[in-house]
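Coordinates in review
Each chain, letter by letter, is given below.
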Amino acid sequence: MQKVGKRNTRSLTWIISIVLVLSVVLSACGNKEEGQANGSNGNADYPLEVSIMTITPSAVPAADDNVIKRAIEKATNSKMNIQWVSNNIYGDKLNLTLASGDIPDLIMINDPFGSTFTKMVKQGAFWDVTPYIKDYPNLSNGIPDIAWETTKAADGNNYGIPRPRPVTGDSFFIIRKDWLDKLNLQVPETTDELFEVMKAFVEQDPDGNGAKDTTALAAYISPDDLGWGGNLGPVLGAIESSFIGTNSSWKWDESQGKLIYRELLPEVRESLQYLTKAYSSGMMPEDLLSLKLTQARELFKRNQAGIIVDKTGTMRKIYADDLKKVDPSFKYTDFYPLTNLNGYNPKGAGYNGILAIPASVPEEKMKRILKLLDTWMNPEVFEIQQFGIEGTHYEVVDGKKVTNTEKLTADNASDFNHIVNVIDLPWDTTGETDEETQANELFKKVEAERDKTSVADLSAGLQSETGQKVLSELNKKIQDLKAKIILGREPIEAWDTFVESLRNDPNVQAMSDEMTEAYKKRNGQ
């Protein structure tokens, strides 16, 4: 009876999924025809009314009457209804929104190769923007080619506008330099050295309060990070990637002339043993599985953890100013980014999600949305979220805009980077204070050093038809087993058994063949 129930449950889930996708497509087609017949939003003389859903790292997102939002609307002749969603719950919210059929005019898709979005693209539920982009110079020239290339669907077309991010400066380890100095430790360069640092951060009272109340790594494991960092997410995944030498799910094997699935690599087993030992030694939070991203960040901000994985640009926006309130001796330069671990650091894929437009939006309105984004990328418009409003957020001193960072943060200026971001700007290291300038110069120097050795994800943009069918469930199994092993609920031998089953799995073999073929084709082999 129980076996029949499970099978029926799976079937029912599958049927619901198909019905939801079809309902969205049918809704999209109906609305598209209706919208084309109406066409009122296509009138360029009126402000473009556009609904948007995107992510925000802010606890309190920008309100509808936010001064920066209003200034951007005025500059772009638009009226934006923005639905800001916490990055803690964005994955769940996105899936619910896509399934509902009530999709905003512009929606951030955090994984353009996720199974639900891919199915909907195949059903025609989103605009293929490929033929239109050439008409918008900022979109076509201001977003790096690598971002357009690595976000193409299996048919070679783009079903969204990449949110560009620098290929340098990807998220990597950031460590408390003041804690290192206090304990007479060097900046770690290998995973073995990192382990010794983490051990000292737990055992040697780095915060000096006389209590053994610190952890080392502000880590967590979340279902939102499936498919990322070996399904362990950004923090523990960065350690696993440092063992492997890549953040890719695939690694090229020259001797076999093919791509090898990450989970089959022996380095993954070594990493699991390392993380299991680290967890049992208190080097990461005990409630690893229940923490969310913002809660892990809070550990660092509250002076309770010494290592995070993030971008250097998050220093003041997310961490340092709050940390100074707890530990006034903390300096911005104590927010210290590692250059390499085991000689490895990741090169970014050039994007962080895409902005997709549902096919329910009429073509003329779709074009106006593209124009909105293109206009927003103009320097004089993008500067609104960079510097704010003169007299409110900045003053011009000796010909330079001197910003009030606290006021900019209070008005959620950086939130708007999660809709439009321009990345080809020169890096001005000048801060509000000498301390901030010194930190910016440190970050610039470290990122330049990282660029010399960074490793790109060689499988970025490659797709496997079999992978689209099986990875959703497979990634869940992998995350579940890895988490159990790290927490000591399963022995490492359970991983050996699982890997052996993967080797004999025809879907994994097919996925490997398809990815290898796609890789060779892209590289002219």
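Residues numbered from 1 in each chain as written. Predicted model: local features only at pLDDT ≥ 70, side-chain atom pairs only at ≥ 80, totals over all residues. Heavy atoms only, no water.

**Thoughts on the overall build of the chain**
- Of regular secondary structure, the chain possesses 19 helices and 13 strands.
- In terms of overall dimensions, the chain is globule-like: its C-alpha atoms have a radius of gyration of 24 Å, near the 24 Å expected for 525 residues.
- Referenced to the eigenvectors of the C-alpha coordinate spread, the extents of the chain come out at roughly 70 × 70 × 50 Å.
- Relative to its full complement of 525 residues, the chain shows a buried share of 50%.
- Taking all contacts inside the chain whose residues are at least 6 apart in sequence as the whole, residues at least 24 apart take part in 73%.
- As displayed, the chain has an accessible area near 24,500 Å², and 49% of this comes from carbon and sulfur atoms.
- The positive charge centre, built from 58 side chains, and the negative charge centre, built from 76, are 4 Å apart in the chain. (Helix = DSSP H or I, 4+ residues; strand = E, 2+ residues; numbered from the N terminus. Rg over C-alpha atoms; globule rule 2.2 N^0.38 Å. Buried < 20%, exposed > 50% of the residue type's maximum accessible area, 1.4 Å probe, protein only. Contact = heavy atoms within 4.5 Å. Areas by Shrake-Rupley, 256 points an atom, 1.4 Å probe, with all protein chains shown as cover. Lys, Arg positive; Asp, Glu negative; His and termini not counted. Charge placed at Lys NZ, Arg CZ, Asp CG, Glu CD.)

**Focus on the nonpolar core**
- The biggest cluster of nonpolar side chains holds 85 residues, and the ones touching the most others in it are Phe-173, Met-198, Leu-217, Leu-236, Ile-486 and Trp-495.
- Ignoring anything within four residues of it in the chain, the contact list for Ile-486 reads Ile-221, Leu-232, Leu-236, Leu-272, Leu-275, Thr-276, Tyr-279 and Leu-288.
- Membership of the second largest hydrophobic core comes to 60 residues, among which are Val-129, Tyr-132, Ala-356 and Met-366. (Core = buried A, V, L, I, M, F, W, Y, C linked by side-chain atoms within 4.5 Å.)

**Quick notes on the packing of aromatic side chains**
- Summed over all chains, the structure comprises 16 aromatic pairs.
- Between Phe-195 and Tyr-274 the ring centres are 5.3 Å apart and the planes differ by 70 degrees, which places this aromatic pair in the edge-to-face class. In this pair, Phe-195 sits in helix α8 (residues 191–203) while Tyr-274 sits in helix α10 (residues 266–280), placing the two residues 79 residues apart along the sequence. Pair check on accessibility: Phe-195 and Tyr-274 agree, each one buried. (Phe/Tyr/Trp six-rings, centres within 6.5 Å; stacked < 30°, edge-to-face > 60°.)

**Regarding the pairing of strand β9 (residues 305–310)**
- The buried fraction of β9 amounts to 6 of the 6 residues, a majority that puts the element mostly inside the structure.
- Two elements, strand β5 (residues 172–176) and β9, share 4 bridges in a ladder whose sense is antiparallel. Bridging from a neighbouring strand, Phe-172 pairs with Asp-310 of β9.
- As judged from the 2 bridges shared by strand β6 (residues 215–217) and β9, these two strands associate in the parallel manner. In the sheet register, Thr-215 faces β9, and the bridge partner there is Ala-305. (Pairing = 2+ DSSP bridges.)

**Here we look at the confidence of the model for the chain**
- Confidence in the prediction of the chain, expressed as mean pLDDT, is 89, and 91% of residues score 70 or more.
- Considering only residues more than four positions removed or in separate chains, one finds that residues 1–42, a stretch of pLDDT under 50, has 29 contacts. (pLDDT = per-residue confidence, 0-100.)

**Topic: the sheet that holds β6**
- The mixed open sheet is built from 4 strands, whose spatial order is β6-β9-β5-β10. Where the open sheet ends on each side, the last strands, each with one partner, are β6 and β10 (335–337). The sheet shows a mean angle of 25 degrees between the axes of neighbouring strands, direction not considered.
- For β5 and β10, the ladder comprises 3 bridges, and the chain directions are antiparallel. In the sheet register, Arg-176 faces β10, and the bridge partner there is Phe-335.
- Sheet strands in contact with helix α16 (residues 434–453) are β5 and β10, and its direction is about 15 degrees off that of β10. (Axes fitted to C-alpha atoms, helices over the stretch in contact; angles between N-to-C directions.)

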